[in-house]
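Spelled out, the chains give:
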Amino acid sequence: MSHPPLLIESWLPIEAIGAESLRDASAARKPPLNRLHVWWARRPLTVSRAAILGGVLPQWSPDWPVELRQRFPSEDNYRKWFRQFLGILGDPVQGRDLLLQARQAGKIIANPYTYPRAFTINPSAEDLALMQDLLEHTWGTCDLSVLDPFAGGGSIPFEALRYGFTTIANDLNPVAAVILKATLDFPARFGPSLADDIRKWGQRWYELVKPKLQPYFTPLPPGAEGAAYLWARTVACPVTGKPVPLSPNWWLRKGSDPVAVRLIAEPGMDAPQFAIVTGRDVAKAKPDAGTISRGVGRSPWTGQPIDGDYIKAEAQAGRMGQVLYTVAVKVTGGFEFRAPTRQDLEAWRQAEEALARKKTEWIARDIIPTETFPGGNDNRPLIYGMPRWSDFFAPRQLLSIAVFREAQDQVIAEMRLRVQPARAEAIETYLGVMLDKVVIYNNRNCRFDPGRGIRSVFDRHDFAFVSSHAEFDASANLLPWSISQIADAYREIAELVHPSQTALGAPNEPGTADRLSIYQGSASNLVRVPSSSVNCITVDPPYYDNVQYAELSDFFYVWLKRSVGHLFPEFFGDELTNKDDEAVANPARFEAMGSKKKKLAEQDYERKMAAAFREMHRVLRPDGVLTVMFTHKRVEAWDTLATALISAGFAIKASWPVHTESEHSLHQAKKNAAASTILLVCRKREASRQVDKETSTRGPNALSTPSDLVYLSTPSPLVYLSTPSDPVWWEDIQGQVRSVAREKAREYMAQGMRGVDLYISTFGPTLSVISEHWPVLTSEIDPKTGQPKPLRPDTALDLAREEVIRLRKEGLLEGRNVQFDPVTDWYVMAWDAFAAEEFPYDEGRKLAIALGLEMDSYVMTTKRIAAKKGQYVVMQGPAQRRKKGMVDPDLLSFSHWIDALHTAMLVYEEDGPGACDLFLLRTGLKRDATFKAVLQTLLNAIPRTQVKGQFVRPEAAVLDNLRLAFYANELTVPVVEEPELPAAEQLPLAWEAEDDEDEAEEEDA
Ligand SMILES: C[S@@+](CC[C@H](N)C(=O)[O-])C[C@H]1O[C@@H](n2cnc3c(N)ncnc32)[C@H](O)[C@@H]1O
């Protein structure tokens, strides 16, 4: 089978893709998929479509048939088309830089994004037809299939569907499976018009619940849209026995028109009272002084601390109460606050009584979730007295949701009489999705945000105890808001999916939905996907313990099971979600193993990922491509992932870092958290391709490595058990690895790639060399087997890193042939690579190894170049490194160049240019060529970001002063291209929204 070279193997417009993704992430109005339902770690749509299209479209070739050559006479021409085919219609990189500069300069500018966001662009019929010609030429067919075995919220299959591919979406989690149905299947089948039905039946639902719930809430004043009741949980004061309201602070609104709560707890009172204060009275009320901080309370009755264990014990004994401290009435443009009234408390009491009357019946009818919270990695619900899923709701919240549930069944019965069954099933699913939105916004874990109102429980990725929570007036805007959120999101999703269908000229039969399969099951056992059948797998797998999807999603599962379980009985057979087969590092599953649980959980994750990759290898066609997305946070991840991929029979061809977070941001100048999505592009290995033919009938988990080799993924992921017939030795391919890394680094540097990105982009080609030659053996003997140990991919990556370091240093020296010493090299290269004061410790350690240095005892302890801070290291400046005999103004000579430079910087800063001049003359450094070269490399390497004319990095300022004082005509600073800022003007709303990074959390969870 031929092997069409694909675009993603040689090029992708990664900067523009990253900038577009960032635009989505920071926009207040999220893509409609995110607004439909919470799912964690959703991938940006632009990265998803780029990975798919790059994985099916060919590289440009001068040998293309004449029709294609006419359309694309040059590679540049083809690449431009590809960018616009991705929906990138302007220069988002420049737009992002302009915004950043404006922010840093404190300026207001016009919206630089004068074109729509990439994901909103549907491919035109003409471009789809062109794509089909390219596919036909490359693959011999334009009917290609795309699989995502870890599909989650569905970004990848959504884009696959929009471009007309046969799409297979799989996820183990039943909640994700329902989201996939609602995101992909129904919009493709029913199109935008279903939004009206969703809204209509949603409204009918609200008509039914409104009169039932109104008696339990104080009527709203004229013009109000809704209300939030703000509650503090209480425990009895251990000394007085009076209720202590727990709240981290008493703020209601900050800013120029502040509002806060004054807590009144005077000796003669039995219970606290609350007053609303505004203006100058706010400061007197001391709203920052809350009654709970880091789990420890403070009694307003005695002023004494209340032990955290006491609070937990009270909660577990069922003695934690709650007290209403404010009612926030929603009016146009914000909230008006008032103290609670007797009427509020009476309405609440009646709700409690109503719940008590109905609860037994509702439990019997399975209206409310009584499943116990199963325990896991976050046991705070148990610790704070919420042993059942229904305990996440205060009595009136539970009453309201149960009333919603009952009425939901009623509205469904009405609808079923009027709407055709398939359409009714879809509407019913969205009513279930609405209920999910209601439950996450109306429970005891919802905070009130003084700036933005009620936040969902999944504002964070955990079940943190919330001491003061907000409750919606469930008779007012809760359901209408949820209805409009879901109907709007649905319509927008359908508008994005639907045009592709028409563009492909087949609006109904066979329609888009017929090209789609959604499966719920493990990625390691894709039973319904035939062997060697898929052209392109694009996958964004879970990443170690980043998110415990199953544990979190139980919050939804218990409600979805009740609202839509009958529609999808195959998804909802279990009490709760499946944690055992989930491919995450889940230490809670290994609780019994004590201190080993973390390690065992990681091994379990690695084993499951290896099994999933083996299954991907089975279903992928011999000429197909697999692109794995992952977020690079830990260096070892490369080793694990590469090991799993290689063991599964893949060769790694390329790696692309796509920045989903601005690397120039102020935050980044301080800390390099390397928040990029890495695309790892893989092919089946030649050897395994042969084996594949033999094993294709052997079932889903057949091993696809050569039969004389067995790799076990646990306890150590690569255990070599028998000698391969024709092994390749590591020593024999080291030269090739070096030259590939060097050649690729040169190529990428010429394309403008810098820093960590440059290192990462050489990893793919490096891994390609070793995976093509696999199995590669080292001369080290494994004592357990007596056989040579297989190579760890890490070792090859270290070699690649060395090559990049060498090249970068040459670049920083601007062609001069100068040798520093390894310590100075480490300092220079760390600034060059990470461009930040803080970066992951592991990265620093790897850099030290590549330079032959010991990180802990030497770089950090002896030389004090960096200091450890958790999992990070922090670069140390001249003052922090001051030490007799090292950074010491009294010395005449220095053992490392960086010590000399730091001492000069110290003298300059502390005693001024005159003293520094004398120091440089006395030590002979002033005219020393190497000293000047060190200064020049650091002028080039340390970021020169400025805010309002000041350097963000103090080092950059001192180095610049040294240069200007003594070397103004000899040394240079890098020229930063500054795009011209458009004229200042009033912020348009859209701009404001796009740039509001905080909003990113709203529905992104
Ligand atoms: C990183 S998320 C995917 C997010 C997705 N790309 C999106 O944009 O929403 C990984 C997914 O893998 C799923 N998952 C975990 N273990 C699995 C397994 N063994 N088989 C299939 N899916 C699994 C999780 O439920 C989660 O949805």
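Computed from a prediction, not measured in an experiment: that's the story for all the values here.

Assigned secondary structure in the chain consists of 34 helices and 30 strands. For the chain, buried positions account for 60% of its 1005 residues. Sequence separation of at least 24 residues holds for 75% of the intrachain contacts in the chain that already meet a minimum separation of 6. If you sum the accessible surface of the chain, you get close to 38,600 Å²; carbon and sulfur atoms cover 51% of it.

Once that is clear, we can look at the sheet that holds strand β5 (residues 251–253). Within the open sheet, the 3 strands sit side by side as β5-β6-β7. Their pairing is antiparallel. Both outer strands of the open sheet, β5 and β7 (273–278), are each paired with one neighbouring strand and no more. When the angles between neighbouring strand axes are averaged without regard to direction, this sheet yields 30°. Pairing between β5 and strand β6 (residues 259–264): 2 bridges, direction antiparallel. By the bridge assignment, Arg 253 is partnered in β6 with Val 259.

Near the ligand you find 25 residues, and of these Arg 43, Gly 153, Ser 155, Asp 171 and Asp 540 are the closest. Here an oxygen atom of the ligand and a side-chain polar atom of Trp 39 are 3.0 Å apart. Contacts to the ligand include Asp 581, whose backbone N or O atom sits 2.9 Å from a nitrogen atom. Summarising the interface, the protein chains cover 98% of the accessible area of the ligand, which totals 600 Å² for the free molecule.

Our focus in this paragraph is the packing of helix α3 (residues 45–54) against helix α8 (residues 155–162). Contact geometry for α3 and α8: axes closest at 8 Å, N-to-C directions at 60°. With respect to each other, α3 and α8 are oriented oblique. Here α3 and α8 pass one another in a crossing that is right-handed. Contacts between α3 and α8 involve Leu 45, Ser 48, Arg 49 and Ile 52 from the former and Ser 155, Ile 156, Phe 158, Glu 159, Ala 160 and Arg 162 from the latter.

Moving on to the side chain of Arg 515. The residue Arg 515 is located in the loop between α17 (478–503) and β16 (516–520) in this model. The side chain of Arg 515 sits in the buried core without any salt bridge; Asp 143 is the nearest counter-charge, 7.0 Å away. Among the polar contacts listed, one links the side chain of Arg 515 to the backbone oxygen of Gly 164, at a separation of 3.4 Å. Looking at Arg 515, its side chain comes within polar contact range of the main-chain oxygen of Phe 165, at 3.3 Å.

Strand order across the open sheet formed by 3 strands is β23-β24-β25, with mixed pairing between neighbours. Strand pairing shows two members of the sheet lacking a second neighbour, β23 (728–729) and β25 (788–790), which therefore form its edges.

With the rule as written, the count across this model stands at 71 salt bridges. Two residues, Glu 837 and Arg 953, come together in a salt bridge whose shortest N-O distance is 3.6 Å. Residue Glu 837 is found in the loop between α26 (822–834) and β26 (838–840), and its partner Arg 953 is found in the loop between β30 (950–951) and α32 (954–966); the two are separated by 116 residues along the sequence. The class for Glu 837 is buried, based on a relative accessible area of 15%. Judged by relative accessible area, Arg 953 falls into the buried class, the value being 7%. Where Arg 963 meets Asp 960, a salt bridge forms, and the shortest distance between an N and an O atom there is 3.2 Å. Note that Arg 963 and Asp 960 are positioned in helix α32 at a spacing of 3 residues, about one turn of the helix. As far as the burial class goes, Arg 963 and Asp 960 line up, both buried. Look at the salt bridges and you will find they share partners, linking Arg 738, Arg 742, Glu 802, Glu 803, Arg 806 and Glu 810 into a network.

Right, let's get into the environment of Leu 516. Tracing the sequence through the fold places Leu 516 in strand β16. Given a relative accessible area of 11%, Leu 516 falls into the buried group. C-alpha of Leu 516 to C-alpha of Phe 158: the two residues are 358 residues apart in sequence and 9.9 Å apart in space. Contacts of Leu 516, omitting those with residues within four sequence positions, involve Leu 161, Thr 167, Leu 184 and Asp 185.

With respect to burial, strand β18 (residues 620–631) is a largely interior element, 12 of its 12 residues being buried. Sheet topology note: the strand β17 (residues 534–539)/β18 ladder contains 5 bridges and is parallel. Note on β18: the bridge partner recorded for Val 539 is Val 628.

Our next topic: the packing of aromatic side chains. Summed over all chains, the structure comprises 55 aromatic pairs. A centroid spacing of 5.4 Å and a plane angle of 15° characterise the contact between Phe 568 and Phe 571, whose relative ring orientation is stacked. There is no split in this pair, since Phe 568 and Phe 571 are both buried. A connected cluster of aromatic rings, assembled from ring pairs, spans Trp 39, Trp 40, Phe 373, Trp 389, Phe 392, Phe 393, Phe 458, Phe 463, Tyr 549, Phe 555, Phe 556 and Trp 559. Directly above the ring of Phe 335 sits Lys 330, whose terminal nitrogen or CZ lies 5.8 Å from the centroid. Positioned above the aromatic ring of Tyr 229 is the side chain of Arg 396, whose terminal nitrogen or guanidinium carbon lies 4.6 Å from the ring centre.

All right, on to the packing of helix α23 (residues 730–750) against helix α25 (residues 793–812) then. The geometry of α23 relative to α25 is characterised by a closest axis approach of 9 Å and an angle of 45° between their N-to-C directions. On the basis of their axis angle, the class for α23 and α25 is oblique. Pair α23 / α25 crosses with right-handed handedness. Counting all contacts with α23, which are made through Trp 730, Gln 734, Val 737, Arg 738, Ala 741, Arg 742, Ala 745, Arg 746 and Met 749, the residues of α25 involved are Thr 795, Ala 796, Leu 799, Ala 800, Glu 802, Glu 803, Val 804, Arg 806, Leu 807, Arg 808 and Glu 810. Counted by class, the contact of α23 with α25 contains 10 nonpolar, 2 polar and 8 charged residues.

Three- or four-residue spacings in an α-helix give side chains the same orientation, since the helix completes a turn every 3.6 residues. In this model, helix α13 (residues 342–364) (23 residues) spans 34 Å end to end at C-alpha, consistent with the 33 Å of a helix rising 1.5 Å per residue. Among all positions in α13, only Asp 344, Ala 347, Trp 348, Ala 351, Ala 354, Leu 355 and Trp 362 are buried. Along its buried surface, α13 packs onto β3 (226–236), β11 (321–331), β12 (334–338) and α15 (395–418).

Here the focus is the confidence of the model for the chain. Chain-level statistics for the chain give a pLDDT mean of 87 and a share of 89% at 70 or above. A low-confidence stretch, residues 502–510 (pLDDT under 50), is modelled with 13 contacts involving residues beyond four sequence positions or located in other chains. This stretch, residues 977–1005, has a pLDDT under 50; its non-local contacts, to residues over four places away or in other chains, come to 69 contacts.

With that settled, consider the environment of Tyr 384. Counting through the fold element by element, Tyr 384 comes out in the loop between α14 (380–383) and α15. Each C-alpha atom of the pair Tyr 384 and Ser 467 lies 9.9 Å from the other, and the pair is 83 residues apart in sequence.

Scoring rules and cut-offs
- Residues numbered from 1 in each chain as written.
- Predicted model: local features only at pLDDT ≥ 70, side-chain atom pairs only at ≥ 80, totals over all residues.
- Heavy atoms only, no water.
- Helix = DSSP H or I, 4+ residues; strand = E, 2+ residues; numbered from the N terminus.
- Buried < 20%, exposed > 50% of the residue type's maximum accessible area, 1.4 Å probe, protein only.
- Contact = heavy atoms within 4.5 Å.
- Areas by Shrake-Rupley, 256 points an atom, 1.4 Å probe, with all protein chains shown as cover.
- Pairing = 2+ DSSP bridges.
- Axes fitted to C-alpha atoms, helices over the stretch in contact; angles between N-to-C directions.
- Near = heavy atom within 4 Å.
- Polar contact = N/O pair within 3.5 Å; in protein donor to acceptor, adjacent residues only side chain to side chain.
- Parallel < 35°, antiparallel > 145°, perpendicular 65-115°, else oblique.
- Left-handed = near helix turned anticlockwise from the far one by under 90°.
- Lys, Arg positive; Asp, Glu negative; His and termini not counted.
- Salt bridge = Lys/Arg side-chain N within 4 Å of Asp/Glu carboxyl O.
- Phe/Tyr/Trp six-rings, centres within 6.5 Å; stacked < 30°, edge-to-face > 60°.
- Lys NZ or Arg CZ within 6 Å of the ring centre and 35° of its normal.
- Nonpolar A, V, L, I, M, F, W, Y, C, P; charged D, E, K, R; others polar.
- Expected span 1.5 Å × (residues − 1).
- pLDDT = per-residue confidence, 0-100.

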